[in-house]
Amino acid sequence: MTATTRHSIYITLSILATWLWSATPDLNIYNLQLTGVLALVYFGFKFSSRSVSRKTFNLPSTVILNTICLLLVFSTGGLLSPLYFLLNLLFFALALLFEPIQATVASSLIVFIFISQNYSTLDTTKIINLSSLILMTPIAVVFSRNFLEVLESKGRIKVLQTALHETEMESLLWITRQAKPSLASVLNSTTDLVMYFNSKGRELLLPPAILDKLKSIQTDMVTLYTSAGSLEKAIETESDKTKL
């Protein structure tokens, strides 16, 4: 069973259980007490989630929040409840905390319950409230999808920034520990050779063409060593900008 299916089942059971409780005269007199108990349990889950993974408590806390909102609406007049706006907020919460499809599941079931309860007494106010509930559902779905896409994009950007930072650190270490020391060693050796063959009485040991090549290599090594230092400073500067 997929997580989406499991969440849909829990949401459906929560809505049906709350509706049956509120529709039973012997039970709905305890709506206030049940709401208070569920609120305590909800905040208990939230308090516990500070030290434990939030995902572990996401399911029960969201189901409890769903039940509390429905209890408040069902016990204060249903379609004409002054707390009717809580259902719109509930759809956004379900779409964000679970999956966007859960807003559609909850909306469809709640609209069906309201229509079945008020089929013979529908008036303009009730129809408007039902219409607002139906129209709010796709808004909640689209908003939650866009929000989740933004979070996913931020997560990818963070991964890329981490990878870039690691690459910069590896490059700095390579330049500092391997490239520059090796270049310095080769440069020093080349300089010593040039100075040796340029010293007094040593010019004839090598043909002039080979000596010119050594001088050219020395010049290239100086340029390469300077470039390595400039690259090291550039990487450090960009790394500092990224951290800011």
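Every chain is numbered on its own, with residues counted from 1 as its sequence reads. Totals for whole chains, interfaces and linings use every residue, but because this is a predicted model, local features are given only for residues with pLDDT of at least 70 and side-chain atom pairs only at 80 or more, for both listing and counting. The side-chain quantities take in all heavy atoms of the structure and omit both hydrogens and water.

> What is the right way to look at the overall build of the chain in this model?
The secondary structure content of the chain amounts to eight helices and zero strands. Counting from the N terminus, the helices are DSSP H or I runs at least four residues long and the strands are E runs at least two residues long. Each helix and strand of the chain, placed in order from N terminus to C terminus, yields the pattern α-α-α-α-α-α-α-α. Only the protein chains shown count as cover for residues, and the accessible areas themselves come from Shrake-Rupley with a 1.4 Å probe. For the chain, the accessible surface area stands at approximately 15400 Å², while carbon and sulfur atoms represent 67% of it.

> What is the right way to read the confidence of the model for the chain from this model?
Taken as a whole, the chain shows an average pLDDT of 78; of its residues, 79% reach a score of 70 or greater. Values of pLDDT, ranging from 0 to 100, describe the predictor's confidence in every residue of the model. Any pair of residues with heavy atoms lying within 4.5 Å of one another is described as a contacting pair. In the predicted structure, residues 53-57 sits below a pLDDT of 50 and forms five contacts with residues beyond four places in sequence or in another chain.

> Explain the nonpolar core to me, please; I cannot follow it from the model alone.
The nonpolar side chains of soluble globular proteins are, as a tendency, buried together. Ile15, Tyr84, Leu87, Ile110, Phe114 and Leu133 are the most contacted members of the largest nonpolar core, which has 26 residues in total. Elements with a minimum of two residues in this core: helix H1 (3-23), helix H4 (54-74), helix H5 (85-97), helix H6 (100-118) and helix H7 (124-198). It is H6 that provides the largest number of residues to this core, a total of seven residues. Isoleucine 110 has contacts with Ile15, Leu70, Leu87, Phe91 and Leu133, leaving out every residue within four places of it along the chain. Definition of nonpolar core: a set of buried residues of the types Ala, Val, Leu, Ile, Met, Phe, Trp, Tyr and Cys, connected through side-chain atoms within 4.5 Å. A 1.4 Å probe rolled over the protein chains alone gives each residue an accessible area, and that area as a share of the maximum for its type sets the label: buried under 20%, exposed over 50%, partly exposed in between.

> For this particular structure, what's the right way to read the side chain of histidine 7?
With respect to the helices and strands, the residue histidine 7 is situated in helix H1. If we ignore the near neighbours within four places in the chain, the residues touching histidine 7 are Leu59, Phe98, Glu99 and Gln102.

> Before we go on, may I ask you to explain a nonpolar patch on the surface in this structure?
Patch members must show over 30% relative accessible area and no salt bridge, and they are joined within 9 Å when carrying like charges or within 5 Å when they are nonpolar side chains of Val, Leu, Ile, Met, Phe, Trp or Tyr. For this document, the term salt bridge refers to a Lys or Arg side-chain nitrogen within 4 Å of an Asp or Glu carboxyl oxygen. A surface patch of nonpolar side chains, amounting to about 340 Å² of accessible area, comprises Phe143, Phe147, Leu148 and Leu151. Along the polypeptide, leucine 148 turns up in helix H7.

> Help me understand H5, please; the structure alone is not making it clear to me.
Residue pairs three or four apart in sequence face the same way in an α-helix, which turns once every 3.6 residues. If you check H5, its first and last C-alpha atoms are 19 Å apart, about what 13 residues at 1.5 Å a residue would give, namely 18 Å. For H5, every residue scored as buried is listed here: Leu86, Leu87, Asn88, Leu90, Phe91, Ala93, Leu94 and Ala95. Working rule for helices: expected span equals 1.5 Å times residues minus one.

> Would you take a moment to explain the packing of H5 against H6 for this structure?
Axes are the key here: two packed helices are described by the angle between their axes and the distance separating the axes. Under this scheme, a helix contributes an axis fitted over its contacting stretch, all axes are lines through C-alpha atoms, and angles between N-to-C directions fall in the 0 to 180 degree range. It is at 7 Å that the axes of H5 and H6 come closest, and there the two elements cross at 150 degrees. Facing Leu87, Phe91, Leu94 and Ala95 of H5, the residues of H6 in contact are Pro100, Gln102, Ala103, Ala106, Ser107, Ile110 and Phe114. Of the residues contributing to the contact of H5 with H6, the split by class is nine nonpolar, two polar and no charged. Residues were grouped as follows: Ala, Val, Leu, Ile, Met, Phe, Trp, Tyr, Cys and Pro as nonpolar; Asp, Glu, Lys and Arg as charged; and all remaining residues, including Gly, as polar.

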